[in-house]
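Reading the structure
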Amino acid sequence: MSVLCPLTNGWIISHDHFVRSIYERIDGIPARRFVFDSSLFQINTPFVRTCFRKDSSVHEVNCLASPPRKRRKKTENGPVNIKMKDAVYVKKHAAVLIEEGRKFGHFGYMPTSDDRESNNRAAQDKAHSFYVRCPFSSFLRLHGENNLSWALVTQVDGENYLVPAECKFFSYDVNEIQNKLDLLSRPFDLVLLDPPWWNKYIRRKKAKSVGAGYQMMYSEDLANIPVPALIAPGSLVAVWCTNSDSHLTCLLTKIFPAWGIEYVGKWFWLKVTRGGEPVCQFSEPPGKQPFEQIVFGYKSGGNRRQPLPKPDRVIISIPSAIHSHKPPLSGIRCSIVVHAKV
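Residues numbered from 1 in each chain as written. Predicted model: local features only at pLDDT ≥ 70, side-chain atom pairs only at ≥ 80, totals over all residues. Heavy atoms only, no water.

Looking up the protein chain in an unreviewed UniProt entry gives the name Methyltransferase-like protein 4, with the organism given as Cryptotermes secundus.

So, in structure tokens, the structure goes:
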């Protein structure tokens, strides 16, 4: 179960706990279970980076916050205030959610001086070793399914893979999906996308090391994904989106219309440490934020099995140290309460 604490306007969830629950039983391997290395979720303090001034002095700043820059003065109703609305909203509601969560025993970790010195080194090292062992250039082209009620281990090209219970999987380039539609049990009630939005951070990583980044897609490429062929009237579409104004605007004004869906609302995922602190500071746009957003749209008509998601909900979790590793959403239900410490 991924949901640890559903609250009035959001949820506290555990990615680590979710993975552990999926692989508690493995076919053919009695009394064994598989979990992520716990180091991946050992986010004990907000991330910092070491900067060197021209005078050779050293100071630490929040690693994800943008450096100070000159800004033109904006009017009270100017763009900065409009862009800041999401950050102010998330910060306000997250404070309430975290305080409520602590009443259930969550976010009780107290970082030590060693934690603050190490800057989450164990998690960062484990993520680095993951990238080395699983470079983005390696790409399997296959599909299959597991009809069992428990996970199984299967071998492909001499490598072992874990396949969750009762699932079908497809590993192909998304540009080939038009030619694979006959393999899919369409239409789907829900389509969830995590697009590799074009961004400068990944471009810089790829410039340093080809295997360090993933292949990005432009907005026009995303609009061409045949989502209309995957859904029917009443279907819900959810898209993980960056905090870039241009990405969000394109999603709402070009991509959603191209897919024939209407905007419903968005949720926010706030990434926090084990002690409940945001992993970086809330910043004035275009600075980096400690949250991401998931945007919902739906195809009108038809009968929905579930009500449309209420907008402006906040999800709080300790993130995986693997870049862009999104938390699970499948267990989110307002009626579920599981008391388990994060």
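1. Brief notes about the pairing of strand β7 (residues 159-163)
The test is simple: Strands qualify as paired when DSSP identifies two bridges or more between them. In this description a helix means any DSSP run of H or I spanning at least four residues, a strand means any run of E spanning at least two, and both kinds are numbered starting from the N terminus.
Pairing of strand β6 (residues 152-156) with β7 involves five bridges; the strand directions are antiparallel. From the neighbouring strand, Q155 faces β7, where its bridge partner is N160. Adjacent in sequence and paired antiparallel, β6 and β7 are bridged by two residues, among which D157 carries a positive phi angle near 50°.

2. Describing the nonpolar core
The criterion, for reference: As used in this record, nonpolar core signifies buried Ala, Val, Leu, Ile, Met, Phe, Trp, Tyr and Cys residues forming a set joined through side-chain atoms within 4.5 Å. Only protein chains enter the calculation, and the probe is 1.4 Å; a residue is then buried if its accessible area is under 20% of its type maximum, exposed if over 50%, and partly exposed in between. Pairs of residues are marked as contacts when any of their non-hydrogen atoms sit within 4.5 Å.
Residues L193, V237, V239, L251 and W259 are the most contacted members of the largest nonpolar core, which totals 23 residues. Looking at this core, the elements that each hand over two or more residues are β9 (190-193), β10 (236-241) and α7 (245-259). For this core, the element with the highest residue contribution is α7, accounting for six residues. Apart from the residues lying within four places of it in its own chain, the contact partners of V237 are V191, L193, V227, I231, W259, I261, V295, F296 and G297.

3. Focus: helix α1 (residues 15-22)
Let me state the cut-off plainly: To obtain the arc, one takes the directions from the helix axis to the C-beta atoms. By the criterion applied in these results, polar contacts are pairs of N or O atoms within 3.5 Å in which, for protein atoms, one can donate a hydrogen and the other can accept it, and in which residues neighboring in sequence qualify only through two side-chain atoms.
The complete set of buried residues in α1 reads H15, D16 and V19. Looking straight down α1, one finds that the buried residues subtend no more than 100° of arc, so they occupy a single side. Looking at the buried side of α1, the elements it contacts are β2 (10-13). Looking at where α1 begins, the residue whose side-chain oxygen comes 3.0 Å from the main-chain nitrogen of H17 is S14.

4. A closer look at the pattern of salt bridges
As a reminder of what qualifies: For this document, the term salt bridge refers to a Lys or Arg side-chain nitrogen within 4 Å of an Asp or Glu carboxyl oxygen.
Applying the stated criterion across every chain, the model contains ten salt bridges. The shortest N-O distance in the salt bridge between E176 and R141 comes to 2.5 Å. A residue pair is termed long-range when its members are at least 10 positions apart, and E176 in the loop between β8 (167-171) and β9 and R141 in the loop between α4 (121-133) and β5 (142-146) qualify at 35 residues. Where E292 meets K326, a salt bridge forms, and the shortest distance between an N and an O atom there is 3.5 Å. In this pair, E292 is assigned in strand β12 (residues 291-298) and K326 in the segment after β13 (314-317), connecting sequence segments 34 residues apart. On the basis of relative accessible area, E292 is assigned to the buried category, the value being 16%. Exposure remark for K326: the relative accessible area of 13% places this residue in the buried category. Each of D194, K271, E292 and K326 takes part in one network of salt bridges that share partners.

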